[in-house]
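Take a look at the letters that make up each chain.
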Amino acid sequence: MATDTQTEQEWLDRLVGDWACVGGAALAPDEEPALIHGQETFRRLGEHWVISEGDGTSLDGEVSSGMFTIGFDTDKQTFVGSFVCTDLSNLWVFPSGTLSEDGNSLTLECEAPNFLAKDGSTAKFREVFSFDSPDHRTLTAYIQRPDGEWEKFMKSECFRR
């Protein structure tokens, strides 16, 4: 069933294309971030969804692949998404997401296994897609600490190829 395209869905067009990414990630606050690099391609799936497929180095230096789906749920009036990768055995489901007031950042939130604690607990996570220009964006990942503060554990700079 088709629904009318909205501004939020049009925002997803900004992601469509081929991207080269480089950044850093750490699994503990006292660790030096490991260099991560890779590539991803975002494509449209109809009017309401984008899908990314990417690969690159993981924190252990091995090749990792992953997929994002991102869309706008017109019934719930929120961005939604999912993420899977070869490094994790869990499907990450993002039931809510919002655009920043200036329209340059999309924040997706979820609760998922706390792979940083490695104790079987869950934690809240944020994935923030921010555009500095049409051809330069960042993806920054945060985990919510037990004290409620958000801690960055990954940031990747992506450049349109």
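Up top is the structure these notes are about.
Parameters and conventions
Along every chain, residues carry numbers that run from 1 in the direction the sequence is written. The predicted nature of this model means local features are confined to residues of pLDDT at least 70 and side-chain atom pairs, given and counted, to a pLDDT of 80 or more, with totals for whole chains, interfaces and linings taken over all residues. Only heavy atoms go into the side-chain values, all of them from the structure, while hydrogens and water stay out. In short, DSSP must find at least two bridges between two strands for them to pair. The numbering of helices and of strands both runs from the N terminus, where a helix is a DSSP run of H or I of at least 4 residues and a strand a run of E of at least 2. Axis angles are defined between N-to-C directions and span 0 to 180 degrees, where every axis is a line fitted to C-alpha atoms and, for a helix, only to the segment in contact. Think of it in three bands: residues with accessible area under 20% of the maximum for their type are buried, residues over 50% are exposed, and the middle band is partly exposed, with areas taken using a 1.4 Å probe on protein chains only. What qualifies as a polar contact is a pair of N or O atoms within 3.5 Å, subject to a donor-acceptor requirement within protein and to the restriction that residues adjacent in sequence count only when both atoms come from side chains. Should any heavy atoms of two residues lie within 4.5 Å, those residues are considered in contact. Nonpolar cores were defined as sets of buried Ala, Val, Leu, Ile, Met, Phe, Trp, Tyr and Cys residues, with membership established by side-chain atoms within 4.5 Å.

Asker: Explain the sheet that holds strand β11 (residues 150-160) to me, and be specific about the residues and the numbers.
Answerer: Ordered by their spatial adjacency, 11 strands build an open sheet running β6-β5-β4-β3-β2-β1-β11-β10-β9-β8-β7, and the pairing between neighbours is antiparallel. Each edge of the open sheet is held by one strand with a lone partner, namely β6 (92-94) and β7 (96-99). If you compare each strand with its neighbour and ignore which way they point, the axes differ by 20 degrees on average. Sheet topology places strand β5 (residues 78-85) next to β6; 3 bridges connect them, and they run antiparallel. Directly across from phenylalanine 83, in β6, lies its bridge partner tryptophan 92.

Asker: For the side chain of arginine 137, give the residues involved together with the corresponding values.
Answerer: Looking at the element boundaries, arginine 137 is found in strand β10 (residues 136-144). Its relative accessible area of 0% is what places arginine 137 among the buried residues. A polar side-chain atom of arginine 137 sits 2.4 Å from a polar atom in the side chain of glutamate 40. Every residue in contact with arginine 137, bar those within four places of it in the chain, is listed here: Leu15, Trp19, Glu40, Phe42, Phe129, Ser130, Phe131, Asp132, Ser156, Glu157 and Cys158.

Asker: Requested: an account of the nonpolar core, with residues and values cited.
Answerer: With 31 residues, the main nonpolar core has Leu15, Ile70, Phe125 and Phe129 as its most contacted residues. Aside from chain neighbours lying at most four places away, what touches leucine 15 is Phe42, Val50, Ile70, Phe129, Phe131 and Arg137.

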